[in-house]
Amino acid sequence: MSFIQYEVQGAVAVLTIDRPKALNALNSAVLEELDATVSAIDLEAVRCLVITGSGEKSFVAGADIGEMSTLTKAEGEAFGKKGNDVFRKIETLPIPVIAAVNGFALGGGNELAMSCDIRICSDNAVFGQPEVGLGITPGFGGTQRLARLVSPGMAKQLIYTARNIKADEALRIGLVNAVYPQEELMPAALKMAAGIAKNAPIAVRACKKAINEGLEKGMDDALVLEEGLFGSCFETHDQVEGMGCFMSREKPKPKPVFTNN
Ligand code: CAA
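The rules behind each value
Residues numbered from 1 in each chain as written. Predicted model: local features only at pLDDT ≥ 70, side-chain atom pairs only at ≥ 80, totals over all residues. Heavy atoms only, no water. Axes fitted to C-alpha atoms, helices over the stretch in contact; angles between N-to-C directions. Helix = DSSP H or I, 4+ residues; strand = E, 2+ residues; numbered from the N terminus. Parallel < 35°, antiparallel > 145°, perpendicular 65-115°, else oblique. Contact = heavy atoms within 4.5 Å. Nonpolar A, V, L, I, M, F, W, Y, C, P; charged D, E, K, R; others polar. 1 Å grid on protein atoms, 1.4 Å probe; cavity = no way out; pocket = protein on both sides within 12 Å on 5 of 7 lines; lining within 4 Å. Points joined across faces, edges and corners; volume = space filled by probe spheres on them.

### Observations concerning the packing of helix α9 (residues 201–215) against helix α10 (residues 219–232)
For the pair α9 and α10, interaxial distance at closest approach is 9 Å and the crossing angle is 170°. As the angle between them shows, α9 and α10 are arranged roughly antiparallel. Listed contacts from α10 to Ala 206, Lys 209, Ala 210, Glu 213 and Gly 214 of α9 are Ala 222, Leu 225 and Leu 229. Split into classes, the residues belonging to the contact of α9 with α10 amount to 5 nonpolar, 1 polar and 2 charged.

### Remarks on the layout of surface pockets
The computed volume of the largest pocket comes to approximately 1100 Å³. Taken together, 35 residues make up the lining of the largest pocket; nearest its centre are Glu 91, Asp 117, Lys 208, Ile 211 and Asn 212. Elements that contribute at least two residues to the lining of the largest pocket include exactly α3 (73–91), β7 (118–122), α5 (142–149), α9 and α10. Along the lines of polarity and charge, the residues of the lining of the largest pocket split into 16 nonpolar, 8 polar and 11 charged. Roughly 550 Å³ of internal volume is contained in the second largest pocket. In terms of lining residues, the second largest pocket is bounded by 27 residues, among which Met 68, Phe 79, Glu 131, Ile 136 and Thr 137 are the most central. Elements supplying a minimum of two residues to the lining of the second largest pocket: α2 (65–68), α3 and α4 (108–114). Among the elements that make up the lining of the second largest pocket, the one with the highest residue count is α3 (7 residues). Tallied by class, the residues present in the lining of the second largest pocket amount to 12 nonpolar, 10 polar and 5 charged.

These figures capture arrangement, not role.
The following block contains the structure:
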């Protein structure tokens, strides 16, 4: 891999977009490597993924403007699909994904962060969807995920004005959960990931599925989905061990690798 670094530390994996000369902008090659890396994650061993960008200036400064500058309509649509497919793969990965946004998260960078379950950022982070200033729409899910994540009115304002916002405003509108000094960002992300990884993995995955898929349904169907996933946790090792140990006041013994029971 030329543009992606991938490292596993215990049950936590860290994926770094590594194209610092272009502020980690996403060209086709980066998107293809990102797709291949995410597809190859060992889901038996890894319980939480952290995505960040290399350097201290940029998470991802967007889709590659040079590559997009000469695309035809059909090629533009295909490029949008390439980004959407890999971001959807991240969004629907069975394990939780934390975006550690270490600087610019513009256009495709903000869209990558929004495809993750949780966003935290450094105090120098800048978020925005600058696309209309370039004569295009957000193309890697920005029109859809920003409207769902903040509010339709705020998403429209940010997208129509192409105005960038700093970390404190991103926190205020709920785009990120917390802001840290740059040097504290990765330790905070890894601590959060370790906190997630120590919990019962079948239950954590079921929670992700319940929340993500439930948000796409009406409340009655969403509650049925929750009931099914709640039920699926019973008779598993983690439920038997977790509840048994609570009753006997012992410490639960986790399974070494993930299995569905
Ligand atoms: N695509 C390609 N190259 C990019 C890039 C991008 N999105 N963003 C930055 N770069 C490159 C610059 O061209 C520059 O390369 P050279 O050194 O070879 O000239 C290098 O990264 C450093 O950038 P700057 O010199 O511009 O750094 P700066 O500190 O002065 O400015 C910045 C930083 C404000 C992020 C500025 O680079 C910028 O505005 N970048 C573009 C941001 C943007 O518009 N992103 C959205 C793209 S569209 C999109 O993402 C569509 C979609 O939804 C799929």
